[in-house]
Amino acid sequence: MPSLPRVITVDPTWTIARIVRAALDLLDFPAVQVDVPGGADALEEARRGGARLVVTAWELTDDIQGLELALRVKQASPDTAVIILADVDDPEALDPETAAESPFVYLHRPVDLQQFSQVLMAGLKGEDIFAAAAPAAAPAAPRVDHGPVPPIDFENARAIIDRLLADVGAMAIILISRVGETILERGAVGYLNRELLANALLPMVTTNLQMRDLVGGQAQSLQFYDGDDKDMFVFSVGLHHFLCIVFDGQAGSRQFGLVNRYGRQAVQDLLALLGASAFLIQKAVEAPPIERKPVRRDKRKTDEVPEPILVRPEIKAPEPEPVKLEPIADLDLSILDQLDKLDLSAADDLFDPDRLAELASKGSGRKEVSFEEAIEIGVLPDLDQGGGSS
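Predicted model, so just to flag it, every value in this text is computed and none were measured.

Asker: Quick rundown of the sheet that holds strand 5 (residues 105–108)? Include the residues and the values.
Answerer: Reading across from one edge, 2-1-3-4-5 is the order of the 5 strands in this open sheet, with parallel pairing throughout. Two strands lie at the open edges of the sheet, namely strand 2 (32–36) and strand 5, each paired on one side alone. Strand after strand, the sheet turns through a mean of 20° between neighbouring axes, direction not considered. Here strand 3 (residues 51–56) runs beside strand 4 (residues 81–86); their pairing, made up of 4 bridges, is parallel. Bridge pairing links Val 54 to Val 82 in strand 4. Contacts between helix 2 (residues 39–47) and the sheet are confined to strand 1 (6–10) and strand 2, with strand 1 contributing the most and set at about 165° to the helix.

Quick look at the structure:
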């Protein structure tokens with residue numbers, strides 16, 4: 001079974017001992033706590049080894065004070081973490097040089113309970129107590145969508161910036177959009193981190209919008225940053241662009257009047273290229289949600305049991321019997337052998353109109369019937385067989 005971590009508290013008033021014990025109880029973290037009143041006793045405990053953390057007061061009653069004790073503990077046991085928990089009457093913070101080089105974490109009472117708990121747990125677990133003591137980073141402000149950035153005529157903008165670069169004698173000039181995009185850069189821009197510059201200028205977009213409503217009209221801004229290495233002038237070009245003029249750290253402040261004159265002229269020229277879109281905010285329009293109408297179902301049809309569908313088998317009609325003709329009695333097929341002897345020249349007369357007209361003119365249209373033929377067809381009665389009338 002692994003041994004429990006050991007923590008040493010050093011405080012002649014025993015206040016730190018109670019604070020650490022309460023924190024361990026709240027965190028439900030098992031540990032072996034050793035409480036001593038003075039620095040000499042704490043140093044002796046630390047030299048025995050096995051202590052992961054030492055929490056000491058700033059003022060101690062013996063010859064060894066909290067700052068000296070922290071340094072000597074780190075020399076005797078480099079793996080032991082040290083926290084100095086100062087009282088309300090002690091210095092609120094160390095000077096920057098001491099804080100940067102100190103191998104311990106300095107906290108002042110009243111202490112932030114969350115921060116103290118994080119540092120205490122990191123020390124007992126053998127983790128980085130300096131990272132645990134660092135304040136939590138503030139959440140980044142959400143970016144407001146101001147719509148698309150209006151385009152600018154690249155060639156004409158470059159001519160304007162080149163003329164400005166010659167007029168003011170700057171080291172570099174950069175034109176940046178409000179979304180952090182570098183549109184134009186002229187001069188010695190290699191000495192400047194454009195990405196950091198773009199991120200630093202982003203809050204100015206919201207500031208310009210708010211100040212426009214405060215001062216009225218289409219407000220313009222000029223920012224001057226005086227540094228040791230570089231001096232920078234930042235002009236707002238409408239609401240969507242920024243013109244950054246960079247000088248050497250020793251020359252920028254002397255060029256304020258020159259930059260103000262020619263820089264504002266260049267801004268007006270760039271605004272003329274952008275037109276009305278320079279001060280126009282186009283909000284992103286969200287597509288309206290599609291309303292889906294619920295499908296209305298007929299409750300009666302849903303509740304009713306559908307009638308079964310009867311499938312009748314297909315009945316095939318009987319195939320008709322082939323027609324059989326009675327054979328011709330006494331058929332002499334030899335007559336077919338004489339077809340080649342027939343005179344077919346008269347067959348054309350059947351289709352000759354002149355020949356048909358001649359045949360029609362020869363006939364009178366009347367036909368004489370004999371007495372026997374009339375009796376045979378029933379026109380006259382047969383007197384010999386008693387067919388006459390009485």
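Right, picking up where we left off after that structure.
Asker: Lay out a negative patch on the surface in plain terms, naming residues and giving numbers.
Answerer: Taken together, the side chains of Asp 226, Asp 228, Asp 229 and Asp 248 present a region of like negative charge at the surface. Along the polypeptide, Asp 248 turns up in strand 10 (residues 241–248).

Asker: Kindly report on the sheet that holds strand 10, identifying the contributing residues and their values.
Answerer: With antiparallel pairing, 5 strands are arranged side by side in an open sheet as 7-6-10-9-8. Of all strands in the sheet, those with a lone pairing partner are strand 7 (182–187) and strand 8 (222–226), marking the two edges. Between one strand axis and the next, the sheet turns by 15° as a mean value, whatever way the strands run. Note: strand 6 (residues 172–177) against strand 10, 6 bridges, orientation antiparallel. Note that in strand 10 the partner of Ile 174 across the bridge is Cys 244. Helix 7 (residues 154–168) rests against strand 6, strand 7 and strand 10 of the sheet, and its axis sits at about 35° to strand 7. In this fold helix 9 (residues 256–274) packs onto strand 6, strand 8, strand 9 (230–237) and strand 10, with an angle of close to 35° to the strand it touches most, strand 9.

Asker: Break down the pattern of salt bridges for me, with residues and values.
Answerer: Evaluated as defined, the whole model comprises 9 salt bridges. Across the pair Arg 158 and Glu 155 runs a salt bridge, and its minimum N-O distance is 2.5 Å. Of this pair, Arg 158 and Glu 155 both sit in helix 7, 3 residues apart, which is roughly one turn of that helix. A residue is classified by how much of its surface remains accessible, and Arg 158, at 29% relative accessible area, is partly exposed. The shortest N-O distance in the salt bridge between Arg 163 and Asp 269 comes to 3.3 Å. Note that Arg 163 is positioned in helix 7 and Asp 269 in helix 9, a separation of 106 residues in sequence. A relative accessible area of 41% means that Arg 163 is categorised as partly exposed. Residue class for Asp 269 comes out partly exposed when judged on its relative accessible area of 27%. By sharing partners, the salt bridges in this structure join Arg 6, Glu 44, Glu 45 and Arg 48 into a single network.

Asker: Hey, could you go over a nonpolar patch on the surface for me, with residue numbers and the actual values?
Answerer: Taken together, the side chains of Met 211, Leu 214 and Val 215 define a hydrophobic patch exposed on the protein surface, amounting to about 300 Å² of accessible area. Relative to the helices and strands, Met 211 is located in helix 8 (residues 194–215).

Asker: Break down the packing of helix 7 against helix 9 for me, citing the residues and quoting the values.
Answerer: It is the contact of helix 7 with helix 9, at a shortest axis distance of 10 Å, that shows an interaxial angle of 175°. Compared by their axis directions, helix 7 and helix 9 come out roughly antiparallel. Contacts between helix 7 and helix 9 involve Asn 156, Ala 157, Ile 160, Arg 163, Leu 164, Asp 167 and Val 168 from the first element and Leu 258, Val 259, Tyr 262, Gly 263, Ala 266, Asp 269, Leu 270 and Leu 273 from the second. A breakdown of the residues in the contact of helix 7 with helix 9 according to their chemical character gives 10 nonpolar, 2 polar and 3 charged.

Asker: Tell me what's going on with unusual backbone geometry, and back it up with residues and numbers.
Answerer: With omega at 0°, the peptide bond leading from Arg 109 into Pro 110 counts as cis. For Pro 110, the location among the structural elements is in the loop between strand 5 and helix 5 (113–124). Residue Asp 28 is not a glycine yet carries a positive backbone phi of 55°. With respect to the helices and strands, Asp 28 occurs in the loop between helix 1 (15–27) and strand 2.

Asker: Please set out the side chain of Gln 33 residue by residue, giving values where relevant.
Answerer: In this fold, Gln 33 is placed in strand 2. For Gln 33, a relative accessible area of 18% gives the class buried. Within polar-contact distance, the side chain of Gln 33 engages the backbone oxygen of Ala 17 at 3.0 Å. Within the structure, the side chain of Gln 33 is placed 2.9 Å from the side chain of Asp 35, a separation counted as a polar contact.

Asker: Pulling in residues and values, what's your account of the packing of aromatic side chains?
Answerer: The final tally for this structure, using the stated rule, is 5 aromatic pairs. Where Phe 224 meets Phe 256, the ring centres are 6.0 Å apart and the plane angle is 90°; that geometry is what we call edge-to-face. Placement of Phe 224 in strand 8 and of Phe 256 in helix 9 is noted, with a sequence separation of 32 residues between them. Note on Phe 256: relative accessible area 37%, which makes it partly exposed.

Reading the values: the criteria
Residues numbered from 1 in each chain as written. Predicted model: local features only at pLDDT ≥ 70, side-chain atom pairs only at ≥ 80, totals over all residues. Heavy atoms only, no water. Pairing = 2+ DSSP bridges. Helix = DSSP H or I, 4+ residues; strand = E, 2+ residues; numbered from the N terminus. Axes fitted to C-alpha atoms, helices over the stretch in contact; angles between N-to-C directions. Contact = heavy atoms within 4.5 Å. Patch = residues over 30% accessible without salt bridge, like charges linked within 9 Å, V, L, I, M, F, W, Y side chains within 5 Å. Areas by Shrake-Rupley, 256 points an atom, 1.4 Å probe, with all protein chains shown as cover. Salt bridge = Lys/Arg side-chain N within 4 Å of Asp/Glu carboxyl O. Lys, Arg positive; Asp, Glu negative; His and termini not counted. Charge placed at Lys NZ, Arg CZ, Asp CG, Glu CD. Buried < 20%, exposed > 50% of the residue type's maximum accessible area, 1.4 Å probe, protein only. Parallel < 35°, antiparallel > 145°, perpendicular 65-115°, else oblique. Nonpolar A, V, L, I, M, F, W, Y, C, P; charged D, E, K, R; others polar. Polar contact = N/O pair within 3.5 Å; in protein donor to acceptor, adjacent residues only side chain to side chain. Phe/Tyr/Trp six-rings, centres within 6.5 Å; stacked < 30°, edge-to-face > 60°.

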